[in-house]
Every structure is written in structure tokens, then in C-alpha cells.
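Read off the chains here:
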Amino acid sequence: MPEPSASDRRKAADLGHQLATTRLIDCLEHGEDVRFKCQYCGTTKTWGRWELTTTHRDRLGMTLAEVQTKARCPRCPGRMPVLALLKGGYQDRPMPTESARRSWLIELLLDCGIDPGPLGYAWRPPGE
């Protein structure tokens, strides 16, 4: 089987508008993991809740398109991995409403020491 061309790799890495404009914080809010697959060696890596709130916390405001352009394969020098969103299994409880989901996310961010304000999640500290 021949090696994929540069245009084939660009097509495989294309996210589409809706996915490209999704921020990492939105993936965290909706309980989705982000899977990266190298187009050169096939290595896969998944960012779940733990990775998003610890190792990659400074990237939570970035869109998936921005993350994709900066991502590198840990095994080879491959760039522009194929991204996919996977339904994570880490929602602590069912979230019947959007406000409940946002409250859960704000609590999670605060518990991890992340200020939700710059990410677009307004909150008031206790006592205000």
C-alpha cells in the first residue's frame, strides 16, 4: 500500500468547522476525551479529565484546531494528528440540565486550582 500523500494527510486531519472551533474546556464540560492518532506511525494518545486538568490545564481555552497544529507525536516527528472526540466515562453523576453541568465544571475547575473566569465561566466566590 503506498504512503499517503500530503493532501491525503491534510484531508485525514481535517476537523470540520464545528469540531475545529470546539475548545478543550467544552470537551471537559461535555465529558469527552480527545484522542490523537499520528498519521505517520499510528501512535495514539488520549487526553481525559486528568490530563486536561493537570498536564494541559494551560491549554483549556484553546480550540481543537489550535491544539492540533501544536501537537507532536511522542514517538516520531509526526505533526497534524487525526483528532477524534470520545465519550469519556468520567461524569460523576447525570447532568440533567446545562446549568447543572456548568456548576459541576466550575466546581471541578476550582477543586483543581483553575480560575474558571478567563475560560468564560462566570462564578462568584463564597461570601459575595
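We now turn to the structure provided with this report. (Residues numbered from 1 in each chain as written. Predicted model: local features only at pLDDT ≥ 70, side-chain atom pairs only at ≥ 80, totals over all residues. Heavy atoms only, no water.)

Description of the pattern of salt bridges
Summed over all chains, the structure comprises 3 salt bridges. Between E3 and R9 there is a salt bridge whose closest N-O contact spans 2.3 Å. Here R9 falls in the buried class, since its relative accessible area comes to 10%. Note that D26 is salt-bridged to R23, the shortest N-O span being 3.9 Å. Assessed through its relative accessible area of 23%, R23 is described here as partly exposed. (Salt bridge = Lys/Arg side-chain N within 4 Å of Asp/Glu carboxyl O. Buried < 20%, exposed > 50% of the residue type's maximum accessible area, 1.4 Å probe, protein only.)

Let's talk about unusual backbone geometry
With the exception of glycine, the majority of residues adopt a negative phi angle, and the majority of peptide bonds are in the trans configuration. At M80, a residue that is not glycine, the phi angle is positive and equals roughly 50 degrees. Within the secondary structure layout, M80 lies in the loop between α5 (64–70) and β3 (82–87). (Helix = DSSP H or I, 4+ residues; strand = E, 2+ residues; numbered from the N terminus.)

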